[in-house]
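Given next are the chains, with one letter for each unit.
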Amino acid sequence: MKILGGSGGRVLAALIARQLGLKATQVETRRFPDGEKYLRVGEDVADQDVVIIQSIHHQPDELLFEYFLLCDTVKDLGAKRVVAVFPYFAYARQDSRFNPGEAVSFRTVAKLLEDVGTAELFSIDMHQHRVGRASDVFKIPAHNLTAAPLLAEYVKSNVALERAIVVGPDEESEQWASAAAKVLGADHDVLEKKRLGDEKVEITTRSLAARGRDVLIIDDIISTGGTIIEAAKILKRP
Ligand code: R5P
């Protein structure tokens, strides 16, 4: 088995390879003067199971395209099977056509990932608000793991919370709030969120029993931070 990290996963690939008693395969990337990407896989991957680690955050188009090059290249070099690990999976938010003419980017990206030869994929807390399961979007086996219990374990060991309540900023976040609350032995609840624009949300509470308690807010994505800020503001309101 070979473990490869793209520009969005080099450190993690090295750590995972070490855990497995392996050394991550080098992937050289650079830019041609006109901005195109050059990529070279530094080892023979023929007949190998190849795991590609690539977190598609921050520069999603760039990192996705690099993944396409990497996956297609290792397949072309004779790799037996490519398993993708995307700690953060971009483009899952646009999972429906909310307005006429919009791209349903989640489905487009899923198709492209399959077309370049991805055999199976893993991600963590992929945004799946309207999509029930990853397998509703992908034809290949797709596994959506959650980090909520692990994050809650960390909070439990490192943060002193009094009469804790775990709060999700919207209805969909109930899944993470309940998972974290279970680990903490705490209550959980959710707020109500209305998105007013890419960077603006309106958050309201139902009757939430947060007064005088320590609150842990949990969500799947912090993008602009607007959701978390509005949630914190409303929870602090006297
Ligand atoms: C949206 O439904 C997600 O679960 C997050 O709440 C959202 O992506 C956070 O974005 P932002 O940090 O920009 O408010």
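Keep in mind that what you see is a predicted model, and the values were worked out from it rather than measured. (Residues numbered from 1 in each chain as written. Predicted model: local features only at pLDDT ≥ 70, side-chain atom pairs only at ≥ 80, totals over all residues. Heavy atoms only, no water.)

Remarks on the site of the ligand
Taken together, 15 residues are adjacent to the ligand, and Lys 193, Asp 219, Asp 220, Thr 224 and Thr 227 come closest. Residue Ser 223 places a main-chain N or O atom 2.8 Å away from an oxygen atom belonging to the ligand. Considered on its own, the ligand offers 370 Å² of accessible surface; in the complex 94% of this is hidden by protein. Taken together, the elements giving at least two residues each to the shell around the ligand come down to strand 10 (192-197) and helix 6 (226-236). The residue makeup of the shell around the ligand, split by class, is two nonpolar, seven polar and six charged. Split by domain, the residues of the shell around the ligand number at least three in each of domain 1 (2-145) and domain 2 (148-236). (Near = heavy atom within 4 Å. Polar contact = N/O pair within 3.5 Å; in protein donor to acceptor, adjacent residues only side chain to side chain. Areas by Shrake-Rupley, 256 points an atom, 1.4 Å probe, with all protein chains shown as cover. Helix = DSSP H or I, 4+ residues; strand = E, 2+ residues; numbered from the N terminus. Nonpolar A, V, L, I, M, F, W, Y, C, P; charged D, E, K, R; others polar. Domains from an automatic or database assignment.)

Some words on the packing of helix 4 (residues 148-158) against helix 5 (residues 174-184)
One can describe the packing of helix 4 onto helix 5 by two numbers: an axis separation of 8 Å at closest approach and a directional angle of 40°. It follows from the interaxial angle that helix 4 and helix 5 lie oblique. When you trace helix 4 past helix 5, the crossing you get is right-handed. Between helix 4, through Ala 148, Pro 149, Ala 152, Glu 153, Val 155 and Lys 156, and helix 5, the contact on the second element is made entirely by Trp 176, Ala 179, Ala 180, Val 183 and Leu 184. Here the contact of helix 4 with helix 5 is composed, by residue class, of nine nonpolar, no polar and two charged. (Axes fitted to C-alpha atoms, helices over the stretch in contact; angles between N-to-C directions. Parallel < 35°, antiparallel > 145°, perpendicular 65-115°, else oblique. Left-handed = near helix turned anticlockwise from the far one by under 90°. Contact = heavy atoms within 4.5 Å.)

Re the pairing of strand 1 (residues 2-5)
Here is the key point about a regular strand: its side chains alternate between the two faces of the sheet. Burial along strand 1 is two-sided: Lys 2 and Leu 4 facing one way and Ile 3 and Gly 5 facing the other are all buried. By the bridge criterion, four bridges tie strand 1 to strand 4 (residues 49-53) in an arrangement that is parallel. Looking at strand 4, one finds that Ile 3 is bridged to Val 51. (Buried < 20%, exposed > 50% of the residue type's maximum accessible area, 1.4 Å probe, protein only. Pairing = 2+ DSSP bridges.)

Looking at the pattern of salt bridges
If you walk through the whole model with that rule in mind, you get ten salt bridges. A salt bridge links Glu 120 to Arg 81; its shortest N-O distance comes to 2.5 Å. Of this pair, Glu 120 sits in strand 6 (residues 118-124) while Arg 81 sits in strand 5 (residues 81-86), placing them 39 residues apart in sequence. Residue class for Glu 120 comes out buried when judged on its relative accessible area of 14%. Judged by its relative accessible area of 34%, Arg 81 is partly exposed. A network of salt bridges, in which partner residues are shared, links Arg 31, Lys 37, Glu 62 and Glu 66. (Salt bridge = Lys/Arg side-chain N within 4 Å of Asp/Glu carboxyl O.)

Remarks on the domain arrangement of the chain
Along its sequence, the chain is organised into domain 1 (2-145) and domain 2 (148-236). Placing the centre of domain 1 and that of domain 2 at their C-alpha centroids yields a distance of 29 Å. Tallying the contact residues gives five residues for domain 1 and seven residues for domain 2. Summed over both partners, the interface of domain 1 with domain 2 buries about 640 Å², with 47% contributed by carbon and sulfur atoms. The interface formed by domain 1 and domain 2 contains zero salt bridges. The interface formed by domain 1 and domain 2 holds two residue pairs in polar contact (both at pLDDT 80 or more) in total. By residue class, the composition of the side of domain 1 that touches domain 2 is one nonpolar, two polar and two charged. (Buried area = accessible area lost by both parts, 1.4 Å probe.)

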